[in-house]
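# Chains, contacts and geometry: an overview
Residues per chain are reported as follows:
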Number of protein chains: 2
Amino acid sequence: MLRLSKRVEYGLIALRHFAAIQEGTVCTAKEISQKYNVPHELLAKVLQKLAQARIIQSYQGVRGGYVLVHHPSSIKISHVINAIEHEKPMLAECYADGPESCIIFDDCTIRRPLGKIQKNINHFFHSMSIAEIV
Amino acid sequence: MLRLSKRVEYGLIALRHFAAIQEGTVCTAKEISQKYNVPHELLAKVLQKLAQARIIQSYQGVRGGYVLVHHPSSIKISHVINAIEHEKPMLAECYADGPESCIIFDDCTIRRPLGKIQKNINHFFHSMSIAEIV
DNA sequence: GAAAATAGGATAAGAACAGTCGTATTTTCA
DNA sequence: TGAAAATACGACTGTTCTTATCCTATTTTC
Ligand code: SF4
Ligand code: SF4
């Protein structure tokens, strides 16, 4: 319960890696997967997602790989999660999928109070950047 | 991702119900399940967990049910979660199940930084009581 | 043209979760 | 004293989510 997905963890590890090495260095998925002992195929997909979100830049072909294009301090954890997961990290089903997703929506008395906690978590994810986890 | 379980949601709804009605009133699982349109059997289990944790008092037999025994302001959300879920709400697997649970533990670079967010969430759950969601 | 890398779809195995069922026990009350 | 109503508890099922792997195509370098 309340777990972060491995995909997000792997994404954060990879981005922290980029932030820690010399700026502009190209890294391959293989390099990172070996260094941190994470599954190569899964990490590759995560990096592809991050590339789609323009958080990193991809280069195909031999000698290809990925490069960080923004300064680590401008990459918030919320950006990373949004890029990797199709759904935002929501405490309640209805927050993510709307009123129709929960059959007790109309009778629910805790939706609004839980919103406070949700807001707090959102704020934390949005205020913390990759630069702060190096 | 990052979802609260339905069990916890149902538990919070039930406790908010107790906090909203007159102090000392006995309620049955059936009453609450009907009022909030929640699955009866599942709610019953949740109430049993809350009773085991002494958050509510149970009475068996006809005219039995549950009563709130503490003041709503002294029942923190963290207590409720701990009573219902066997595991505390942890962002990372290793926080809950120890170093052996994650194969990349030794190579993990994000464990400590994520701890800040974990701490923040813990604090929020511990500072918010049932009285505040009525 | 071979090799190394990203891109992306498909699939399978596993775990977690929600919900249901069945039965025992306790207590009230007619 | 027996039926009824409620908690207590374990087992089971079906679904969804998550993780991991596999396979193929494409791009680019050398
Ligand atoms: S309506 Fe209430 S119970 Fe349903 S998902 Fe939203 S917060 Fe949870
Ligand atoms: S060691 Fe790192 S990757 Fe593994 S569970 Fe803990 S935080 Fe997540």
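On a predicted model such as this, the values are computed, not experimentally measured, just so you know.

Size of an interface: often given as the accessible area lost when the parts come together. Across the boundary between the two partners, chain A contributes 44 residues, which contact 44 residues of chain B. Interface of chain A and chain B: buried area, both sides summed, is about 4200 Å²; carbon and sulfur atoms make up 66% of it. Three residues, M1(A), L2(A) and R3(A), lead the burial of chain A against chain B; their summed loss comes to 20% of the area buried on that side. On the surface where chain A and chain B come into contact, there are 12 residue pairs in polar contact (both at pLDDT 80 or more).

This paragraph deals with helix α1 (residues 6-20) of chain A. With 15 residues, α1(A) extends 21 Å between its outermost C-alpha atoms, agreeing within 8% with the 21 Å of an ideal straight helix rising 1.5 Å per residue. Within α1(A), 12 of the 15 residues are buried, which leaves it mostly tucked inside the rest of the structure. What α1(A) keeps buried is the set V8(A), E9(A), Y10(A), G11(A), L12(A), I13(A), A14(A), L15(A), R16(A), H17(A), F18(A) and A19(A). At its buried positions, α1(A) is contacted by α2 (29-36), α3 (40-52), β1 (56-59), β2 (65-68) and α4 (77-84) of chain A together with α6 (111-127) of chain B.

All right, on to the relation of the copies chain A and chain B then. Between chain A and chain B, the superposition needs a rotation of 180° and an axial shift of 0.0 Å, giving an RMSD of 0.0 Å. What we have between these two chains is a two-fold relation. Ranked by how close their C-alpha atoms come to the rotation axis, the residues of chain A are headed by L2(A), at 2.0 Å. The share of interface residues of chain A whose copies in chain B are also at the interface is 100%, consistent with both copies meeting through the same surface.

So, how was this worked out
Residues numbered from 1 in each chain as written. Chains lettered and ligands numbered in written order. Predicted model: local features only at pLDDT ≥ 70, side-chain atom pairs only at ≥ 80, totals over all residues. Heavy atoms only, no water. Contact = heavy atoms within 4.5 Å. Buried area = accessible area lost by both parts, 1.4 Å probe. Polar contact = N/O pair within 3.5 Å; in protein donor to acceptor, adjacent residues only side chain to side chain. Helix = DSSP H or I, 4+ residues; strand = E, 2+ residues; numbered from the N terminus. Expected span 1.5 Å × (residues − 1). Buried < 20%, exposed > 50% of the residue type's maximum accessible area, 1.4 Å probe, protein only. Least-squares fit on C-alpha atoms with pLDDT ≥ 70 in both.

These results come straight from atomic positions and should not be treated as a statement about function.
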